[in-house]
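An overview of the molecular structure
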Amino acid sequence: MLAWFACSFFGRWHWLLVAALVIWAATNCLVLWLHVANSALLQRMCRFGVVSAYCNFVGYCIGERVPMDIGRASRGSGMLLKTERDFRQAGVRGKDVVRGHDDVLDTMLTRVHENLTLRKSRRDGKSSAPIGSFLLCGKEGIGKRFLTRVFSKLLFRSGGVEVFQCSRLTAADLLKPEGILDSILNQDAYSLLLFEEIEAANERLLEVLAQIVTVGKVTCSNGNEISV
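Residues numbered from 1 in each chain as written. Predicted model: local features only at pLDDT ≥ 70, side-chain atom pairs only at ≥ 80, totals over all residues. Heavy atoms only, no water.

**Here's the deal with the pattern of salt bridges**
Counted according to the given criterion, the structure contains 6 salt bridges. Between Asp 106 and Lys 95 there is a salt bridge; the shortest N-O distance is 2.9 Å. Of this pair, Asp 106 sits in helix α6 (residues 102-121) while Lys 95 sits in helix α5 (residues 84-97), and the two are 11 residues apart along the sequence. For Asp 106, a relative accessible area of 30% corresponds to the partly exposed category. (Salt bridge = Lys/Arg side-chain N within 4 Å of Asp/Glu carboxyl O. Helix = DSSP H or I, 4+ residues; strand = E, 2+ residues; numbered from the N terminus. Buried < 20%, exposed > 50% of the residue type's maximum accessible area, 1.4 Å probe, protein only.)

**Concerning the confidence of the model for the protein chain**
The pLDDT averaged across the protein chain works out to 80; a share of 84% of its residues lies at or above 70. Confidence drops under pLDDT 50 across residues 67-77; counting only partners more than four residues distant or on other chains, this segment forms 35 contacts. (pLDDT = per-residue confidence, 0-100. Contact = heavy atoms within 4.5 Å.)

**Describing the side chain of Ser 191**
Considering the arrangement of structural elements, one finds Ser 191 in the loop between α9 (180-187) and β2 (192-196). Classification of Ser 191 by relative accessible area gives buried; the value is 18%. Setting aside residues up to four positions removed in sequence, Ser 191 forms contacts with Phe 156, Gly 160 and Ile 184.

**Notes on the packing of aromatic side chains**
For the structure shown, the criterion picks out 3 aromatic pairs. Between Phe 156 and Tyr 190, the aromatic rings sit 6.1 Å apart at their centres with planes inclined by 50°, giving tilted as the arrangement. Here the residue Phe 156 occupies a position in the loop between α7 (144-155) and β1 (161-165), and Tyr 190 occupies one in the loop between α9 and β2, the gap between them amounting to 34 residues. Using a relative accessible area of 22% as the deciding quantity, one classes Tyr 190 as partly exposed. With a centroid separation of 5.0 Å and 20° between ring planes, the pair formed by Phe 164 and Phe 195 is classed as stacked. Of this pair, Phe 164 sits in strand β1 while Phe 195 sits in strand β2; the two residues are 31 residues apart in sequence, bridging distant segments of the chain. (Phe/Tyr/Trp six-rings, centres within 6.5 Å; stacked < 30°, edge-to-face > 60°.)

Rendered as structure tokens:
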């Protein structure tokens, strides 16, 4: 009804206005289709400033980052799960591989789905926290790391997992210019970060991790911000 009204209204002035409206709508559809089907091509197109600005405007309107910054995603990266049906099917597949942690897997998938839904409804343009942050507790050997790897493969095309030993990690390692965190996000913005033995982390590292979880961005030692 809105499209019919717009075409009727602008058609009274000139047919070129209607043509421009149709072209604009078709361009929006093309951007969204490329975002889903061929993000690599969309990223190459966004090397041109005007195209990048327009795509960012479309992303702002739909509540998603379209496209990601150039170089911040690998060719095969991206979210695999988008609809509620996708998440249900992922739960079934995951339980066939990971045994004994059905409730944990359901909770993690449900939380990610809720966060993605909330993120799409946002229009304030502010930085968002990661789509999911979880604390896995239990004795060694019960399958925490295995569950994490399976969970990443369910979520992302790349299935990437970056593992950190908190006993050997410092906040400076994460926050220095072109440090660990910045390098990971430049290689693949769609990946899962696993911090093992978090009880061994020092106080400064815990502060940085808490900021990542709650705010979604941290400041490097050179003053630049990294959005997670």
